[in-house]
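# Survey of secondary and tertiary structure
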There are 2 protein chains.
Amino acid sequence: MFVTNADVDHLAGLLTLRESQSFTLLGSPATLAQVDGGIFGVLNKDLVKKRLAALDREADTGLGLIVKPFAVPGKVALYLEDENLAVGAETETTVGLEIGDGAKRFFYVPGCAEINEGVITRLTGAELLFFDGTTFTDSEMVDLGLSKKTAWRMGHVAMSGEKGSLKRLAPCGIGRKIYVHINNTNPVLIEDSPQRAETARAGWDIAYDGMEISL
Amino acid sequence: MFVTNADVDHLAGLLTLRESQSFTLLGSPATLAQVDGGIFGVLNKDLVKKRLAALDREADTGLGLIVKPFAVPGKVALYLEDENLAVGAETETTVGLEIGDGAKRFFYVPGCAEINEGVITRLTGAELLFFDGTTFTDSEMVDLGLSKKTAWRMGHVAMSGEKGSLKRLAPCGIGRKIYVHINNTNPVLIEDSPQRAETARAGWDIAYDGMEISL
């Protein structure tokens, strides 16, 4: 298991695997530092092995898959924000993963604040991509009165708009594109919504629980 | 909201109320200390007010209910266990609650390692009791091969047996008795099980999601 950043939606699930589940937990040093104390002490040290994964280095999961984490534009976890907050910084606090078995490989990028040239270069020509699908518009949470924060401020690039993933990733020749990490405000979750139709026309699938992919 | 101890099953739910939910969080100093740092920083200080509740003192929830916490036999949270672990100690790490509106009152005791004379004295004659229903037998988790820990070792008194809640609370003249905090291994969750029938004969109900009680 690889945790790509330290926000609640990535770490809280560890608490439900507590006590008697055996697994290896990979993550960047910055992210794994957040599961080092406090309530995460419920992860039984005899069963849960933590392995630090450095940026741009291959890490063996022991499950037949090699994972290489890389920094993407993001931010620190909400509870670590302070006056030095730099949204869009490319550090080990928010990573994407290149996952392969030696023959095939794919990318998993559940959080990404901006699709810059570095991201485009890396993802161009990928056979399969799972990508940040948090919101459809950048102002989605604000427009709904649920938050004062744009998607950008939360460390996520929206699907739509000039800077959005639909437009920015369109020319990258990616074989299969699947949105993950979709917020419950995102209208693409509604099967007959115009936004869902727009993502489908652009060649994107919307992930669902139990989805299986063959590569 | 009152957290009666600091174990994952009491605290982890706070992480799903994060960011934009307004509420007051009550608990003993020892318990609230565990939500003071780390990932619990997601609880927005402008919306979530923390209020320390001392043992045996009434605390106003601001919701028309007065809550008085009292120590019951228990233990510290799993992740705080060390060589000084004292299962059955009566400290502020595990509390029961007396909850009232000035006219009526009831007891909520989701974790209790032992029904000693103090517990019996306090609960005798109660009009309504919600009580620790974690396991049916003390060795339930061990017998199923799921854990090496008895219910006692986890800080819970079993329902059955000489020391169990069925027998020990039977003579207390409690008006209505409802088991809560029921582990998924407990056979009373199976509606046609003999254990369920036994609890029903002893006058206990089994709590369920959405249950409503009138007092």
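Residues numbered from 1 in each chain as written. Chains lettered and ligands numbered in written order. Predicted model: local features only at pLDDT ≥ 70, side-chain atom pairs only at ≥ 80, totals over all residues. Heavy atoms only, no water.

### A few points about the overall build of chain A
Of the regular secondary structure elements, chain A holds 6 helices and 10 strands. Since a compact globule built from 215 residues should have a radius of gyration of about 17 Å, the 17 Å found for chain A is in line with a globular shape. With the C-alpha coordinates of chain A rotated into their principal frame, the extents come out at 50 × 45 × 30 Å. In chain A, buried positions account for 47% of the 215 residues. (Helix = DSSP H or I, 4+ residues; strand = E, 2+ residues; numbered from the N terminus. Rg over C-alpha atoms; globule rule 2.2 N^0.38 Å. Buried < 20%, exposed > 50% of the residue type's maximum accessible area, 1.4 Å probe, protein only.)

### Notes on the sheet that holds strand 4 (residues 59-60) of chain B
Across the sheet, which stays open at both edges, the 7 strands sit in the order 4-5-6-7-8-9-10 (chain B) with mixed pairing between neighbours. The sheet is open, and its two borders are formed by strand 4 and strand 10 (204-206) of chain B, each paired with just one other strand. (Pairing = 2+ DSSP bridges.)

### Details of the packing of aromatic side chains
All names here are of chain B. Taken as a whole and judged by the stated rule, the model has 10 aromatic pairs over all chains. Aromatic pair Phe-106 and Phe-130: ring centres 5.7 Å apart, planes at 70 degrees, arrangement edge-to-face. Here Phe-130 lies in strand 8 (residues 128-132) and Phe-106 lies in strand 7 (residues 105-109), a separation of 24 residues in the sequence. Residues Phe-106 and Phe-130 agree in their burial class; the two are buried. (Phe/Tyr/Trp six-rings, centres within 6.5 Å; stacked < 30°, edge-to-face > 60°.)

### Concerning the relation of the copies chain B and chain A
With an RMSD of 0.0 Å, the operation that places chain B on chain A is a rotation of 180 degrees combined with a shift of 0.0 Å along the axis. With respect to symmetry, the two chain copies, as superposed, fit the operation of a two-fold axis. The fraction of interface residues of chain B whose copies in chain A are also interface residues reaches 100%, indicating that both copies meet through the same surface. (Least-squares fit on C-alpha atoms with pLDDT ≥ 70 in both. Contact = heavy atoms within 4.5 Å.)

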